[in-house]
Amino acid sequence: MEMDRHRLGLSTRWIATVASIWIQCSCGSSYTFSIYSSVLKSTQNYDQSTLDTVSVFKDIGANAGVLSGLLYSSVTLNSSSSSTFLGPWVVHVAGAIQCFLGYFLIWASVVGLIHHPPVPLMCLFMFIAAHSQTFFNTANVVCGLENFPNYGGTIVGIMKGFLGISGAILVQMYDTLCKGEPSTYLLMLALLPTLVSLVLMFLVRIYKATTADEKKHLNGFSAVALSIAGYLMIIIILENIFTLPLWARISTFILLLILVVSPLGIAIKALREDSNRSLQRYSIETNLLTDNAEQITSPKFSTAEDPIEYHQLPSGDSKVKGTSDDEMLLNEEQLNLLQAMRTVNFWMLFFAMISGMGSGLATINNMSQIGQSLYYTTTEINSLVSLWSIWNFLGRFGAGYVSDYFLHTRGWARPMLMAFTLATMTAGHIVIASGFPGNLYVGSILVGICYGSQWSLMPTISSEIYGVRHMGTIFNTIAIASPAGSYIFSVRVIGYFYDKEASGEDDSCSGTHCFRLSFFIIASVTFLGFIVAVALFFRTRRFYQLVVLRRLRHALK
């Protein structure tokens, strides 16, 4: 099997990247809860509070990825890249099993195969279904980081970006294939990500090779991601203005599939260039060996004139000195989760994510009620919710790309960009709190982009500070800050003050005062996160100069 993959050109990091992209495009089902939440509520006789409880377990499952990180570390720590017995595929299998079980059991409950399971059991079903996403995501992101260590921000941005727009892709699939049948959509969620991951999992592997022009091809993947996001944004806007006939939906969906498949063309081009480069290198090495053989057999050959002799070091001390820096960079100690949790940087990063990820998730979870209180129309609210996935994608993709650019060209540590995005997010929350006409359009763009950027910056910073070996466990532990912060901001802040302001017959509230104080409080906490991120930048600035940048220069020699 291994020989067949090499012969077909499948055993390369470019094909691994394409396989990871396709899996990411299929596994963002946690972002589409609103499609089937109504049928779940009606068939199970839930009130809104019970449905929100089930939704909370969805958020916890989709963000609590510690187990996926531990599994990834255990199956890749001692496995070589040439062995298929252990590797990232094990993590994909674990994710596929959970995805199928979780969504299949939810579907069975909705259609009546399982008669009204208790609420705690339904919460477990939802947790398992959403928890699968962390396994797919961990395997794809960490594997991408190990395959492209010199451009960690870019590859994480690509993987997180495709995950961010996967929700919009799945919504288009729902509108085209099973519009008006959310129960069928639940069955599709049980089958599609499971089958895609099982088919492609053996292609997602770790390769240590690097090439000089890898950035060019990564930019190609980035261009495809931007094209898909732009295309989806146009479709979303058109669907909220016009009612598209079936033939138009099918046509737009086919074009979307073509765009999703297009990264394969970039991988094929990269493989062709790598193959040509290898042939040229082989030809040069063959010529050098032939020339050396002729020199050795020549009667004019003299060891005193041998140019190779001039490359030998005069003493052992110099030789040791010449390789000690290389060994220090290659064998740098990598911290595990418990060691990382004993550092101040870990908790500074965790608090910054509570303020950034938590406040962003709380904003989108309450976007509908905010819009209703400010007299936005249903069409406008639906557009805001739909476009959130695009702003989320732009943040995930853009932060990784921009942070890589400034790290390579200016030597700026990534926490600087994190601080900038948290400051911008603070402004976005203030805009939402102000309540001026059109504030949600401006505020959702600022908060959405900055929220997405945290999902790209945090894993990359974690890998650079603590190493890649246990990075899956560490960044998934920090990611728990997202549901934790969301709970604090949604329930203890937004929900508390909204209920105090509500005066309508159905406990509803209308006017700018409904969410003003809540978002001023959220803005204040986010500003504290900005201060913490600035402190983290100053704490890690010297580390980036001495270790991270030296590692990059060493790898790019």
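Residues numbered from 1 in each chain as written. Predicted model: local features only at pLDDT ≥ 70, side-chain atom pairs only at ≥ 80, totals over all residues. Heavy atoms only, no water.

## Section: the overall build of the protein
The helix and strand tally for the protein stands at 22 helices and zero strands. Out of the 557 residues in the protein, the part that is buried amounts to 52%. Taking contacts inside the protein between residues at least 6 apart in sequence as the whole, the part at least 24 apart equals 84%. For the protein, the accessible surface area stands at approximately 25100 Å², while carbon and sulfur atoms represent 65% of it. (Helix = DSSP H or I, 4+ residues; strand = E, 2+ residues; numbered from the N terminus. Buried < 20%, exposed > 50% of the residue type's maximum accessible area, 1.4 Å probe, protein only. Contact = heavy atoms within 4.5 Å. Areas by Shrake-Rupley, 256 points an atom, 1.4 Å probe, with all protein chains shown as cover.)

## Some details on the confidence of the model for the protein
Confidence in the prediction for the protein averages 85 pLDDT; 85% of positions are at 70 or higher. Between the elements of the protein, mean pLDDT differs from a low of 40, seen in helix α13 (residues 316–330), to a high of 97, seen in helix α18 (residues 414–434). With pLDDT under 50 throughout, residues 1–8 is counted as low confidence; its partners more than four residues away or in other chains account for 10 contacts. Confidence drops under a pLDDT of 50 for residues 299–332, and excluding neighbours within four residues, the segment shows 19 contacts in the predicted structure. (pLDDT = per-residue confidence, 0-100.)

## Quick word on helix α21 (residues 481–501)
With 21 residues, α21 should reach 30 Å at 1.5 Å per residue; the first-to-last C-alpha distance of 28 Å fits that figure. Approximately 30° is the largest bend angle found in α21, and it occurs at Gly495. Along α21, the residues classified as buried are Ala481, Ser482, Pro483, Gly485, Ser486, Phe489, Ser490, Val493, Ile494, Phe497 and Tyr498. (Expected span 1.5 Å × (residues − 1). Bend = angle between axes of the 7 residues up to and from the residue.)

## Quick word on the packing of helix α6 (residues 88–111) against helix α9 (residues 182–200)
α9 packs onto α6 with a crossing angle of 165° between their chain directions and a minimal axis gap of 8 Å. Taken together, the axes of α6 and α9 are roughly antiparallel relative to one another. When you trace α6 past α9, the crossing you get is left-handed. Of the residues in α9, those touching α6 at His92, Val93, Ala96, Cys99, Phe100, Tyr103, Phe104, Ile106, Trp107, Val110 and Val111 are Ser183, Leu186, Leu187, Leu189, Ala190, Leu191, Pro193, Thr194, Ser197 and Leu198. (Axes fitted to C-alpha atoms, helices over the stretch in contact; angles between N-to-C directions. Parallel < 35°, antiparallel > 145°, perpendicular 65-115°, else oblique. Left-handed = near helix turned anticlockwise from the far one by under 90°.)

## A few points about the side chain of Ser482
Inspection of the secondary structure assignment puts Ser482 in helix α21. Exposure remark for Ser482: the relative accessible area of 0% places this residue in the buried category. Ignoring sequence-local partners within four residues, the contact set of Ser482 consists of Asn63, Met357, Gly358, Leu361, Tyr451 and Trp455.

## Quick look at the nonpolar core
Across soluble globular proteins, nonpolar side chains show a tendency to be buried alongside one another. Ranked by internal contacts, the top residues of the largest apolar core, which has 150 residues, are Leu40 and Ile106. Once residues within four sequence positions are removed from consideration, Ile106 is found in contact with Leu40, Met122, Phe125, Met126, Ala129 and Leu186. (Core = buried A, V, L, I, M, F, W, Y, C linked by side-chain atoms within 4.5 Å.)

## Regarding the packing of aromatic side chains
Counted by the stated rule, this structure contains 22 aromatic pairs. On the basis of an interplanar angle of 50° and a centroid distance of 5.9 Å, the ring pair of Tyr376 and Tyr441 is categorised as tilted. In this pair, Tyr376 is assigned in the loop between α16 (367–373) and α17 (378–409) and Tyr441 in helix α19 (residues 439–466), connecting sequence segments 65 residues apart. Look at Phe406 and Trp412: their rings are 4.7 Å apart centre to centre, the planes differ by 10°, and that puts the pair in the stacked class. Residue class for Phe406 comes out partly exposed when judged on its relative accessible area of 26%. (Phe/Tyr/Trp six-rings, centres within 6.5 Å; stacked < 30°, edge-to-face > 60°.)

## A closer look at the state of the cysteines
Summed over all chains, the structure comprises one disulfide. No disulfide involves Cys99; its sulfur sits 8.4 Å from the nearest other cysteine sulfur, which is in Cys27. In this structure Cys99 comes out as buried when scored by relative accessible area, which is 1%. (Disulfide = S-S within 2.5 Å.)

## A look at α17
Here α17 is 32 residues long and its end C-alpha atoms lie 46 Å apart, about the 46 Å a rise of 1.5 Å per residue gives. A bend of about 30° at Leu387 is the largest found in α17. Taken from the residues just after α17, Gly411 is the one with a positive phi, measuring 75°.

## Focus on the side chain of Ser355
Looking at where Ser355 falls in the secondary structure, it is placed in helix α15 (residues 344–365). Taking the relative accessible area as the measure of exposure, Ser355 reaches 0% and is therefore buried. A polar contact is formed between the side chain of Ser355 and the backbone oxygen of Ala352, at a distance of 2.8 Å. Excluding anything up to four places from it in sequence, Ser355 contacts Leu422, Met425, Phe489, Val525, Thr526 and Gly529. (Polar contact = N/O pair within 3.5 Å; in protein donor to acceptor, adjacent residues only side chain to side chain.)

## Brief notes about the packing of helix α8 (residues 152–177) against α9
Interhelical geometry of α8 versus α9 gives an angle of 130° and a closest axis separation of 11 Å. If you check the angle between α8 and α9, you find them oblique. The element α8 and its partner α9 pack so that their crossing is right-handed. Contacts between α8 and α9 involve Leu170, Met173 and Tyr174 from the former and Pro182, Tyr185, Met188, Leu189 and Leu192 from the latter. Taken together, the residues of the contact of α8 with α9 break down into eight nonpolar, no polar and no charged. (Nonpolar A, V, L, I, M, F, W, Y, C, P; charged D, E, K, R; others polar.)

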